[in-house]
Each structure stands twice: as C-alpha cells, then as structure tokens.
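Architecture and fold: a report
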Amino acid sequence: MVELIRHRKIRLFDTAVEGGEHFYELDVLSAGENLTVFDAPFGRAGICICFDIRFPKLVRHLVLAGVRLLLAPAAFNLTTGPVHWELAFRSRVADNQLFIIGVALAREEASSYVAYAHSLAVDFWGKVMGQLGEEERAEVVELDLTQTEAVRRQLPF
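Quick summary incoming for the structure in this document. Note that the structure is a prediction, hence the values are computed from the model and not measured.

Quick look at the packing of helix α1 (residues 56–64) against helix α2 (residues 81–96) now. α2 packs onto α1 with a crossing angle of 50° between their chain directions and a minimal axis gap of 10 Å. Looking at the two axes, α1 sits oblique to α2. α2 is crossed by α1, and the crossing has right-handed handedness. For the pair α1 and α2, contact is made by Pro56, Val59, Arg60 and Val63 and by Arg92, Asp95 and Asn96, respectively. Residues belonging to the contact of α1 with α2 are distributed by class as follows: three nonpolar, one polar and three charged.

This is the structure we're talking about:
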C-alpha cells in the first residue's frame, strides 16, 4: 500500500458542555504539529480535522501555503453541531476565500457516539453549495477553483 499523505489532528477537543456532552480526546489521542498540504491535479489542497476548523489562524496558514480547497472530515456532536457546524465552515471561508468540503458521519442513533452529520460544501464566497442531512447519502458538487483567485484579486485580505 502506498501512503499518499498523512495528517494528524492539530487541535484536540476537550470539553464538558453544561447540560450537554463531554469529550476528552486527550485521553486517547495525541495532537499533531504540522499542517497538511498536498498538490492535486487542480492545485493545492489542505486537510484539517473536526475541531481544527474552529481556529482561524490554522486555516490562514494553510491558505498562505497556497491552499484553495480545504477538506475537513469532522464529527461534530449534537450539542455543537446544530449551532456551530455550518457557521464554522462559512466563517473560515469568509476569512480566507477558499472552498471547504466538510465531510461528516451519517447519524446512527444506536451508536455509542451520535454525530450531528450534515456534510457540506461551501464555496469561496461563503455560499453553501450543498448540504446533506442525517442519513447516509452522497452528493456531487462542481468546484471552479479558478474563481478563488478572481475573488482574492477583487477583495484582497
């Protein structure tokens, strides 16, 4: 098997929400230290995992490394997901003018961890191009990555 890229989650999620859920990733994981950027046929892409999306400077460093598409596998919970999932992704787009694909688990009520679900694709302008619900499903969205450069020229940060 050939390893194409390897990413280790940089920010670990350790929290106890009053009246909500408790998560202590530090009990079972150790954090990574490096950004993950790779060259794809369409240009540079980057990866961040779940809680990483909440850190604007982390995403900014990816953009400064040339990233135009950010892939973000995530499993937001039922406490933070409904209020922060879409907001977090659209905020990082507004800060950085890139495409973000947030890939989430489908909701499985019988599981020991019930994820919020709602995979989504957000364009360089902050528009949600597609969002799934709780069920297992797939959707294809077309990304025009040349648009990011045009927007960055017109509205430079």
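What the rule picks out here adds up to seven salt bridges. One salt bridge connects Glu86 with Arg90, and the closest N-O pair in it is separated by 3.5 Å. In this pair, Glu86 and Arg90 both sit in helix α2, four residues apart, roughly one turn of the helix. What makes Glu86 partly exposed here is its relative accessible area of 30%. A salt bridge links Asp95 to Arg92; the shortest N-O distance between them is 2.9 Å. One end of the pair, Asp95, and the other, Arg92, are both in helix α2, three residues apart, so they sit about a helical turn from each other. A single network of salt bridges, built from pairs that share partners, joins Glu135, Arg137 and Glu139.

In this section: the sheet that holds strand β6 (residues 99–104). Spatial ordering of the open sheet is given by β3-β4-β5-β6-β7-β8, a layout of six strands whose pairing is mixed. Each edge of the open sheet is held by one strand with a lone partner, namely β3 (36–40) and β8 (128–131). Within this sheet the neighbouring strands show an average axis-to-axis angle of 15°, counted without direction. One ladder, built from six bridges, connects strand β5 (residues 69–74) with β6; its direction is parallel. In the sheet register, Leu69 faces β6, and the bridge partner there is Phe99.

Grouped together as the largest cluster of nonpolar side chains are 22 residues, with contacts concentrated most on Ile53, Leu70, Phe76, Trp85, Phe89, Leu98 and Ile100. With near-sequence residues (within four places) excluded, Phe89 lies in contact with Ile53, Ala72, Ile100, Gly102, Leu120 and Val122. With 11 residues, the next largest nonpolar core counts Ala45, Phe99, Ile101 and Leu145 among its residues.

Structurally, the position occupied by Lys57 is in helix α1. On a C-alpha basis, the gap between Lys57 and Asp95 in space is 9.6 Å, while along the polypeptide they are 38 residues apart.

This brings us to α1. Three or more residues of α1 are buried, namely Leu58, Val59, Leu62 and Val63. In a view along the axis of α1, the buried residues occupy a sector of 140°, so they form one face of it. Pointing more than 90 degrees away from the buried face of α1 are the exposed residues Lys57 and Leu64. On the buried face of α1, the contacting elements are β3, β4 (43–47), β5, α2 and α3 (146–154). After α1 finishes, the residue Gly66 shows a positive phi value of roughly 100°.

The rules we used
Residues numbered from 1 in each chain as written. Predicted model: local features only at pLDDT ≥ 70, side-chain atom pairs only at ≥ 80, totals over all residues. Heavy atoms only, no water. Axes fitted to C-alpha atoms, helices over the stretch in contact; angles between N-to-C directions. Helix = DSSP H or I, 4+ residues; strand = E, 2+ residues; numbered from the N terminus. Parallel < 35°, antiparallel > 145°, perpendicular 65-115°, else oblique. Left-handed = near helix turned anticlockwise from the far one by under 90°. Contact = heavy atoms within 4.5 Å. Nonpolar A, V, L, I, M, F, W, Y, C, P; charged D, E, K, R; others polar. Salt bridge = Lys/Arg side-chain N within 4 Å of Asp/Glu carboxyl O. Buried < 20%, exposed > 50% of the residue type's maximum accessible area, 1.4 Å probe, protein only. Pairing = 2+ DSSP bridges. Core = buried A, V, L, I, M, F, W, Y, C linked by side-chain atoms within 4.5 Å. Arc of directions from axis to C-beta.

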